[in-house]
Each structure stands twice: as structure tokens, then as C-alpha cells.
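A closer look at the structure
Below, each chain spelled out in residue letters.
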Amino acid sequence: MATTDAYFIDGARTPFGRAGEKGMYWRTRADDLSVKTIRALIERNPNIPTDRYDDVAIAATTQQGDQGLTLGRTTAILAGLPITVPGLAIERMCAGALTAATTMGSGVAFGAYDVVIAGGVEHMGRHPMGFNADPNPRFLSERLVEGDALNMGKTAERLHDRFPELTKERADRFAMRSQQKAAAAYENGNFARDLVPVAIESDGGWGLATRDEHLRPDTNMEGLAGLKTPFRPHGKVTAGNASPLTDGATASILASGDAVKEFGLKPRMRMVSFAFAGVQPEVMGLGPVPSTEKALRKAGLKIDDIGLFELNEAFSVQVLSFLDHFGIDDDDPAVNQYGGAIALGHPLAASGVRLMMQLANQFETHPEVRYGVTAMCVGLGQGGTIIWENPNWNGKKHARAGK
């Protein structure tokens, strides 16, 4: 088989909800959230015959109950795809949807697939991260990892310890800016294309979810400074500079160059390279640094060639460690222009495709940018990065949107 290009065609996501009994999706099944995104993509792309989807990969971190049972297959059937369309489930914790995209994209590039769906779902209200997990006692008894490695908040505190220049004030300011940018993006209609309304049930009857539930546009430094530090007395990580527990789903369509021509599709991004890398689990937030360096090497690019960054904000300190490593300013407009997970939410395995959608939207308004990055840290010490090319690039040499 000859290799070919893999293109991002379209993406959709549910509004992200607060996890738990007070969240808007408490009475909504996880698989139904995923089905909503797949159906939206099918309806928005009628030129693609439904029997021409070659595979469906849906990720979830805690694969049990209504987000278990080979999600790609079950959601494909529930979404109305022909019974001939296969599916699978993927698990790489926070990078689940990112891995679904690289796995399906690799199949496209190899020539095994023409059109695929990749996405993720997480209902953290029904399925808290690590629920019913049974970590092998050897991890601690043989000192393969420290006890903190199994608690994401404590790994973030360790980043503050390792890099004293990553102060709480910087973390809080980055978090406040995330909230402000997300609010501005909503006001400017930047999420209108992405969001799929979801019918929701509550004690008051039925309603419609149309907006992310975690937004706090009034966030200020004084309020952030007064928040508790739950992972360590007098620590630096708070609920304000970390991503909240979230329910939500995402899905995307990837296609080959031949499928683009056959079905008259408009590519929104081209996959250039991707990489995953491991780091010490105790400082898992550093993962995107080596994965990005690896992806850049494979693409023959340098960090200065990247004009836009969509970095998952598991914690402010995690993004700040990435920015410092690559010499990027905290307020560089090339970074998370629409805000990130601190404001929008982080439904673990679903978040990777949200990053892709936001980057694709920005590519359309920044033809001066040729390359962009979607990257995220992953629990137990990993990072994942995809480099994308902008099909709207105007040929100019300057890279960063902010330069």
C-alpha cells in the first residue's frame, strides 16, 4: 500500500458539564453523549456515504458501565451507521481522543482507511478517574514510582517544587486569562461550529445543554489567591488553576486525499507528524515537552515553525512548564487563543479532539500560520503531541500568530 496524507475534516463536541449530581449530565448516559457527536458529524457531512466509514475509534479512561463495551462499535450502531462499520475502544487516559486520532490517522496514511471517526467521552460523574482500578502493589513496594504518582494534583505540586520560577501567581494569572479568553471566544461565536446541543433531564423537567458549564468569566486574581490547596498544605495548586472534573464527548472525521477528492470534502488540517513520550510519573505534566520535541524531529521542524498552540490545561503549572522550556511567553497570543480546559473543562479522554477543533478554527483566521500543535500531558507520566499543517497558509514565512 502507498502512503497518503491524513486530513482533519470536521469535529463536534457536546457542551462540557460539571461532573456529579449537580452537573447537567447526571441523568445522561455516557454513550449517548458520544452518539450525539457522531450523529452530528454524519448529518453535517452528507457527501460521505455512511457505508464508507471504515472504522470508529472512541476513547474513554474508565471503561466500565455505560462507557464500556467497545465504545466505538456500540456508539457507531447507536448513531445509525450501517452494521458493516466496525469500531473499537481506546484508552490512554487524558490522551485517549488524541490517540484515537493518531491511530485512525495512521490507518488513513497507510492506505487501510479512507474515512474514519475518532473521538472520546468521559462521564466523570458516573465514572470517576481510577474508580475500581487496582494498581499493582509492586509499583510502590518495589519503588517503581512514588505514591504521589497516582494523584494528578500532587504531581502538579511537584512541578512547582522542581521549577520555583513557576509561582502560584503565574499559575493563577494563566488560569484567569484562560477564563477571560474562553468568555471572549463564546462572545465572538468561536465555538458555534463545534457545539452540539444535548437534551438533558433534571428535577425541573427537560432542557437543552448549549454551553459549557464550568465557565467563570468573573474570575480575578484576588479570588484565586484565596482558594484552598487540597493536595498539600500551603501548596500552589487549587481548583482555580486546575481543570475541573467534567462530563462530555467529542468526535472527528479524518479522511485520505483520495476520499477528499471523491466526496468533495474540504480539509481543515493535514496531519504532519505525531509522537508520544514517557517521563517520570511523579512529574507527569512534563510529558508534552519530550513528545513535542520528538514530533518536531520527525517532521523536520523547529519550535519557531509552530505558529499556534492548543495545549491542554490539566493544570496551569503544566502548561507553564511547557512554555518555559520552549521560551514562549505566558501571554503569547499563539497559545490557547480560545482559552482551555481550566475554563472549558477536561473530560479526560475526550479533550484531545477539542484541541483539534479549536486549532482548525484558528487556522481559518490565521492564514499566515503554516503549522500548529495540539499537545497534552497524560497520567502516569506521558505526553502526546500532533503537528498539523494549515491548508489555508498563504505562503508567508513568519510563523507565530503573535509575531
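Taking an unreviewed UniProt entry as the reference, the protein is identified by name as Thiolase family protein belonging to Gulosibacter macacae. Regarding the protein, the relevant UniProt record gives this comment under Sequence similarities (unreviewed entry): "Belongs to the thiolase-like superfamily. Thiolase family."

Right, let's get into the overall build of the protein. If you tally the helices and strands in the protein, you get twelve helices and twelve strands. The globule rule puts the C-alpha radius of gyration for 403 residues at 22 Å, and the 20 Å found for the protein is close to it. Residue burial in the protein is summarised as follows: out of 403 residues, 58% are buried. Total accessible area computed for the protein in this model is approximately 16,200 Å², and 51% of it derives from carbon and sulfur atoms. Across the protein, 42 positive and 47 negative side-chain charges occur, with their mean positions spaced 2 Å apart.

Okay, the UniProt feature "domain: Thiolase C-terminal" (unreviewed entry) in the protein next. Listed under "domain: Thiolase C-terminal" (unreviewed entry) in the UniProt record, and renumbered for this structure, are residues 266–389. End-to-end, the C-alpha atoms of residues 266–389 are 14 Å apart, and along that stretch the chain is 33% helix and 26% strand.

Of all eleven residues that make up strand E8 (residues 246–256), eleven are buried, and the element is covered over most of its length. Of the two faces of E8, the one carrying Thr246, Gly248, Thr250, Ser252, Leu254 and Ser256 and the one carrying Asp247, Ala249, Ala251, Ile253 and Ala255 are both buried. Pairing analysis gives two bridges linking strand E2 (residues 17–18) to E8, with the strands arranged antiparallel. Across the sheet, the residue bridging to Gly17 is Asp247, located in E8.

Relative to the 21 Å expected for 15 residues at 1.5 Å per residue, helix H3 (residues 96–110) spans 21 Å between its end C-alpha atoms, a close match to the ideal helical length. With eleven of 15 residues buried, H3 lies mostly within the body of the structure. Restricting attention to buried positions, one finds in H3 the residues Gly96, Ala97, Leu98, Thr99, Ala100, Ala101, Thr102, Met104, Gly105, Gly107 and Val108. Looking one or two residues past H3, Gly111 carries a phi angle of roughly 100°, positive in sign.

The terminal C-alpha atoms of helix H9 (residues 288–299), which comprises twelve residues, lie 16 Å apart, in line with the 16 Å expected from a rise of 1.5 Å per residue. Buried within H9 we find Pro288, Val289, Ser291, Thr292, Ala295 and Leu296. Down the axis of H9, the buried set is contained in an arc of 170°. They therefore lie on one face. Exposed residues lying more than 90 degrees from the buried face of H9 are Arg297 and Lys298. Among the structural elements, strand E9 (269–278), strand E10 (306–311), helix H10 (316–325), strand E11 (371–378) and strand E12 (382–389) are those in contact with the buried residues of H9.

This part is about the pairing of E9. The pairing of strand E1 (residues 6–13) with E9 spans two bridges and is classified as antiparallel. Across the sheet, residue Tyr7 finds its bridge partner in E9, namely Arg270. As paired elements, E9 and E12 share eight bridges and run antiparallel to each other. Within E12, the residue paired with Arg270 across the bridge is Glu389.

Conventions used here
- One numbering rule holds for all chains: residues counted from 1, following each sequence as written.
- Predicted model: local features are reported for residues with pLDDT of at least 70 only, side-chain atom pairs are reported and counted for 80 or more only, and whole-chain, interface and lining totals are derived from all residues.
- Excluded from the side-chain calculation are hydrogens and water; included are all heavy atoms of the structure.
- UniProt positions are given in the numbering used here, feature names are shortened, and annotations may be inferred rather than shown by experiment.
- Counting from the N terminus, the helices are the DSSP runs of H or I reaching at least four residues and the strands are the DSSP runs of E reaching at least two.
- Restricting the calculation to C-alpha atoms gives the radius of gyration, and the globule rule supplies 2.2 Å times the number of residues raised to the power 0.38.
- Note on classification: 1.4 Å probe, protein chains only; a residue is buried when its accessible area is under 20% of the maximum for its type, exposed when over 50%, partly exposed between these limits.
- Calculation of accessible area relied on Shrake-Rupley with a 1.4 Å probe; when residues are assessed, cover is drawn exclusively from the protein chains displayed.
- Charged-residue counts in this description rest on Lys and Arg as positive and Asp and Glu as negative, His and the chain ends being excluded.
- Just so you know, the charge point we use is NZ for Lys, CZ for Arg, CG for Asp and CD for Glu.
- Between any two strands, at least two bridges found by DSSP are needed for them to pair.
- Between the first and last residue of a helix there are one fewer steps than residues, each counted as 1.5 Å, and that sum is the expected span.
- The arc in question is the one traced by the directions running from the helix axis out to the C-beta atoms.
- Contact criterion: two residues are considered in contact whenever any of their non-hydrogen atoms come within 4.5 Å of each other.

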